Amino acid sequence: MKYKQLEKSDLNISEISFGCMSLLGDEKTNVQLLHQALDKGINYFDTADLYDKGQNEETVGKAFKGMRERVIIGTKVGNQWRPDGSGWDWNPTKAYILQAVEESLRRLQTDYIDLYQLHGGTIDDSIDETIEAFEQLKQQGKIRQYGISSIRPNVIREYVRRSNITSVMLQYSLLDRRPEEEVLELLQQNNIGVLARGSLAQGLLAGKPSKPYLTYTLKEVQQAADAVEAVAGNARKASETAIQFVLHHPATTSTVLGIRTKEQLEDALLAANAEPLHQAEVQQLQAVLPVSKYEQHR
């Protein structure tokens, strides 16, 4: 397993990290899967208070109780469940963040969160108030670093300009190259790490039947999948190739893979140890489709 420093922090995280949102069903099985991932070198585990109404955080907390120093835990805040459980509302206020962190700490059975992330964000938020909450938590030692999870260029620019974020989690894959237009370069220039999600594009780049995706037609998605298979050849699996495409970009710190089964964990580990793409292979993949661009929130 390779590790990268999350830019302007002291967090060294695995290039392949564990997205915990996909964990469902039996808790004992999930805990075993988390332990297996840690034993194989994955050290960053990403969850959120939103997932399974907090149960996801509880599972992660139980899994790593007594071994906290071995793992880097990231969670998210900003989506507040309604009392009746019918859904959630966006709440990035300082008061709510300071309240929500206490619940996350309790569920995670820890005194601190390594990476606390705003779970979304709009340009109309009181951004300075949100930043103030994160900075206060950092000063109190309740979080080590903070970041945002967002695909909105206008929001990302504001946090880059106004805050001390360490990371941005965003969607990035061969079928979603929108961050390449300006966001990845902006983050790289400002020493802000990228946590990439959606690297397999809902499995469309790893063998699942093609369907329209974002602005791409079924035919274009199939072309991308075929190109991944061609580059993979006998040297890699399609999933390894798709993930290595994301990791080839120097702005990418880690790709966060949703892992639910032992087989998915094994595929993630294969990708971690796969041969990096040569520049000619990257160019071959890039040439398949026109680059997509963000149409909103620019």
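Presented here is a report on the structure given in the accompanying data block. (Residues numbered from 1 in each chain as written. Predicted model: local features only at pLDDT ≥ 70, side-chain atom pairs only at ≥ 80, totals over all residues. Heavy atoms only, no water.)

### Concerning the sheet that holds strand S8 (residues 113-118)
Stage number 1. Spatial ordering of the closed barrel is given by S3-S4-S5-S8-S9-S10-S11-S12, a layout of 8 strands whose pairing is parallel. Across the sheet, the mean angle from the axis of one strand to that of its neighbour is 30°, orientation sign disregarded.
Stage number 2. Relative to strand S4 (residues 44-46), strand S3 (residues 16-19) is paired through 2 bridges, and the arrangement is parallel. Bridged to Phe 18 within S4 is Phe 45.
Stage number 3. Against the sheet, helix H5 (residues 153-162) touches S8, strand S9 (143-149) and strand S10 (167-171), its axis set at about 150° to S9. (Pairing = 2+ DSSP bridges. Helix = DSSP H or I, 4+ residues; strand = E, 2+ residues; numbered from the N terminus. Axes fitted to C-alpha atoms, helices over the stretch in contact; angles between N-to-C directions. Contact = heavy atoms within 4.5 Å.)

### A few points about the side chain of Thr 110
Stage number 1. Summarising the element assignment, Thr 110 is placed in the loop between helix H3 (94-108) and S8.
Stage number 2. In this structure Thr 110 comes out as buried when scored by relative accessible area, which is 10%.
Stage number 3. Here the side chain of Thr 110 touches Tyr 112 through a polar contact of 3.0 Å, landing on its backbone oxygen. (Buried < 20%, exposed > 50% of the residue type's maximum accessible area, 1.4 Å probe, protein only. Polar contact = N/O pair within 3.5 Å; in protein donor to acceptor, adjacent residues only side chain to side chain.)

### A word on the nonpolar core
Stage number 1. By size, the foremost hydrophobic cluster in this structure holds 80 residues, and its most contacted members are Phe 18, Phe 45, Tyr 116 and Leu 175.
Stage number 2. With sequence-adjacent residues up to four places away left out, Phe 45 is seen in contact with Phe 18, Cys 20, Leu 34, Ala 37, Leu 38, Phe 64, Val 71, Ile 72, Ile 73 and Gly 74.
Stage number 3. By size, the runner-up hydrophobic cluster in this structure holds 9 residues, among which are Leu 6, Leu 11, Tyr 44 and Leu 195. (Core = buried A, V, L, I, M, F, W, Y, C linked by side-chain atoms within 4.5 Å.)

### Some details on the environment of Asn 91
Stage number 1. Examined against the element boundaries, Asn 91 turns out to sit in the loop between strand S7 (88-90) and H3.
Stage number 2. For Asn 91, a relative accessible area of 15% puts it in the buried group.
Stage number 3. Separated by 128 residues in sequence, Asn 91 and Lys 219 place their C-alpha atoms 40 Å apart.
Stage number 4. Asn 91 has contacts with Gly 78, Gln 80 and Tyr 96, leaving out every residue within four places of it along the chain.
Stage number 5. Only 2.8 Å separates the side chain of Asn 91 from the side chain of Gln 80, close enough to count as a polar contact.
Stage number 6. In this structure the side chain of Asn 91 is engaged in a polar contact, spanning 2.8 Å, whose partner is the side chain of Thr 93.

### Re the pattern of salt bridges
Stage number 1. In total, this model carries 21 salt bridges according to the counting rule given.
Stage number 2. Across the pair Glu 158 and Arg 161 runs a salt bridge, and its minimum N-O distance is 2.8 Å. Here Glu 158 pairs with Arg 161, and both are found in helix H5, just 3 residues apart, close to one helical turn.
Stage number 3. Given the relative accessible area of 17%, Glu 158 is considered buried.
Stage number 4. Taking the relative accessible area as the measure of exposure, Arg 161 reaches 60% and is therefore exposed.
Stage number 5. A salt bridge links Glu 180 to Arg 177, with the shortest nitrogen-to-oxygen separation between them at 2.9 Å.
Stage number 6. Overlapping salt bridges bring together Asp 10, Arg 68, Asp 114 and Arg 144 as one network. (Salt bridge = Lys/Arg side-chain N within 4 Å of Asp/Glu carboxyl O.)

### Some points on the packing of aromatic side chains
Stage number 1. Counting across every chain of the model gives 6 aromatic pairs.
Stage number 2. Arranged with centres 5.1 Å apart and planes meeting at 5°, the rings of Phe 134 and Tyr 146 form a pair that is stacked. Placement of Phe 134 in helix H4 (residues 127-139) and of Tyr 146 in strand S9 is noted, with a sequence separation of 12 residues between them.
Stage number 3. For Phe 134, a relative accessible area of 0% puts it in the buried group.
Stage number 4. Through successive ring pairs, a cluster of aromatic residues spans Phe 18, Phe 45 and Phe 64.
Stage number 5. Just above the ring of Tyr 112 sits the side chain of Arg 68; from NZ or CZ to the centre is 4.1 Å. (Phe/Tyr/Trp six-rings, centres within 6.5 Å; stacked < 30°, edge-to-face > 60°. Lys NZ or Arg CZ within 6 Å of the ring centre and 35° of its normal.)

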